[in-house]
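One letter stands for each residue in the lines below.
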Amino acid sequence: MAVNTDKNSYTIIFAVAMVLVVGSLLAFTASSLKPNIEENERKEKQQNILYAMGVNNNEGSGDIAFIPANEVAGVFSKYIKKQIVIENGVAKEDKEAYLIDVKKEQAKAKNGGTRRLPLFIGEKDGKTFYIAPIRGKGLWDAIWGYVALDKDMIVQGAYFDHKGETPGLGANIKQRYFMDDFYGERLLTEAGAFKGITVAKGNADPKNEIKDDYEVDALAGATITGDGVTAMIKKDLKLYLPYFKTL
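(A) Inspection of the overall build of the protein at higher detail. For the protein, the count of helices and strands is six helices and eight strands. When the helices and strands of the protein are read in sequence order from the N terminus, they spell out α-α-β-β-α-β-β-β-β-α-β-β-α-α. Taken over the C-alpha trace, the protein has a radius of gyration of 23 Å; the compact-globule value for 247 residues is 18 Å, which it surpasses by more than 25%. Taken along its principal axes, the extent of the C-alpha atoms in the protein is 90 × 45 × 40 Å. Once local pairs closer than 6 in sequence are excluded, the contacts in the protein between residues at least 24 apart make up 56%.

Given below as structure tokens:
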């Protein structure tokens, strides 16, 4: 018996069948790729943390160059000596602290829960680094990063990234010339109060040679993104102040 393909019922049944088939294929593909996706995310976090403390393959004044993905696990183990999680003022060692989702922890705190603060303690050339993750909001979407500090909360390196900032403008927070400006900047006043760092438009020190003014020069045409970087530094890094006071 021939099927009447002109009927509306046939069209509906065909459409439903296609949705089910395609949906099943997509679900199977996503499930199959999940382990690879998670592994790539782990490697990316390790690369970012190492980059912030100055462990990278940068050369001259060119583009940023991470430790290769196939080498990063070993390099991470070499330089990151301890991972801790600070919760309710108590710091506990956790070898997988780098896997903590900062976005989820921020949401938890916003809803009245207790936020866990991961902190990575690294050593390079006889120097100790404390690397903290930060996350905020840019012009269009999320921005985030890692900031390496010494025991006095002086910046020793930084890495920033974004999800959807404007190319050539806000997206330049990922450029070396911007990230490098944070090196040597102080977060605390002489009295030990937390002040943070402002990405300042009209900064009187465009070469960022003055390191005790709590400012870095803003990116041209990216005021809102710069404000987002300022806010996430002041909001997230301030949470670590009680820990640094114990050092």
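(B) Local environment of the nonpolar core. In terms of nonpolar packing, the biggest core is built from 57 residues, with Leu50, Ile131, Phe160 and Phe182 touching the most fellow members. With residues up to four places along the chain from it excluded, the contact list for Leu50 reads Val55, Ile67, Val72, Val75, Phe76, Tyr79 and Ile80.

(C) Geometry of the side chain of Gln83. Looking at the secondary structure, you find Gln83 in strand E1 (residues 80-87). With a relative accessible area of 9%, Gln83 lands in the buried category. A polar contact is formed between the side chain of Gln83 and the backbone oxygen of Lys95, at a distance of 2.8 Å. There is a polar contact of 2.9 Å between the side chain of Gln83 and the backbone nitrogen of Tyr98. Discounting chain neighbours no more than four positions away, the residues touching Gln83 are Phe76, Lys92, Glu93, Asp94, Lys95, Glu96, Ala97, Tyr98, Leu119 and Phe120.

(D) Molecular detail of the pairing of strand E3 (residues 117-124). Summarising burial for E3: seven of the eight residues are buried, a large majority. Examined bridge by bridge, E1 and E3 share six bridges and lie antiparallel to one another. The residue of E3 that forms the bridge with Lys82 is Ile121. Pairing analysis gives five bridges linking E3 to strand E4 (residues 127-137), with the strands arranged antiparallel. If you follow Ile121 over to E4, its bridge partner there is Tyr130. Taken together, E3 and the strand that follows it, E4, pair antiparallel across an intervening segment of two residues, in which Asp125 is found at a positive phi of about 55°.

(E) Summary view of the pattern of salt bridges. One pass over the full model with this rule turns up nine salt bridges. Residues Glu39 and Arg42 are paired through a salt bridge, measuring 2.6 Å at the closest nitrogen-oxygen approach. Separated by three residues within a single helix, Glu39 and Arg42 lie in helix H1 (residues 8-52), roughly one turn from each other. Judged by its relative accessible area of 31%, Glu39 is partly exposed. The closest approach of N and O atoms between Arg116 and Glu105, which form a salt bridge, is 3.0 Å. One end of the pair, Arg116, is in the loop between helix H3 (102-110) and E3; the other, Glu105, is in helix H3, and eleven residues separate them in sequence.

What counts as what
Residues numbered from 1 in each chain as written. Predicted model: local features only at pLDDT ≥ 70, side-chain atom pairs only at ≥ 80, totals over all residues. Heavy atoms only, no water. Helix = DSSP H or I, 4+ residues; strand = E, 2+ residues; numbered from the N terminus. Rg over C-alpha atoms; globule rule 2.2 N^0.38 Å. Contact = heavy atoms within 4.5 Å. Core = buried A, V, L, I, M, F, W, Y, C linked by side-chain atoms within 4.5 Å. Buried < 20%, exposed > 50% of the residue type's maximum accessible area, 1.4 Å probe, protein only. Polar contact = N/O pair within 3.5 Å; in protein donor to acceptor, adjacent residues only side chain to side chain. Pairing = 2+ DSSP bridges. Salt bridge = Lys/Arg side-chain N within 4 Å of Asp/Glu carboxyl O.

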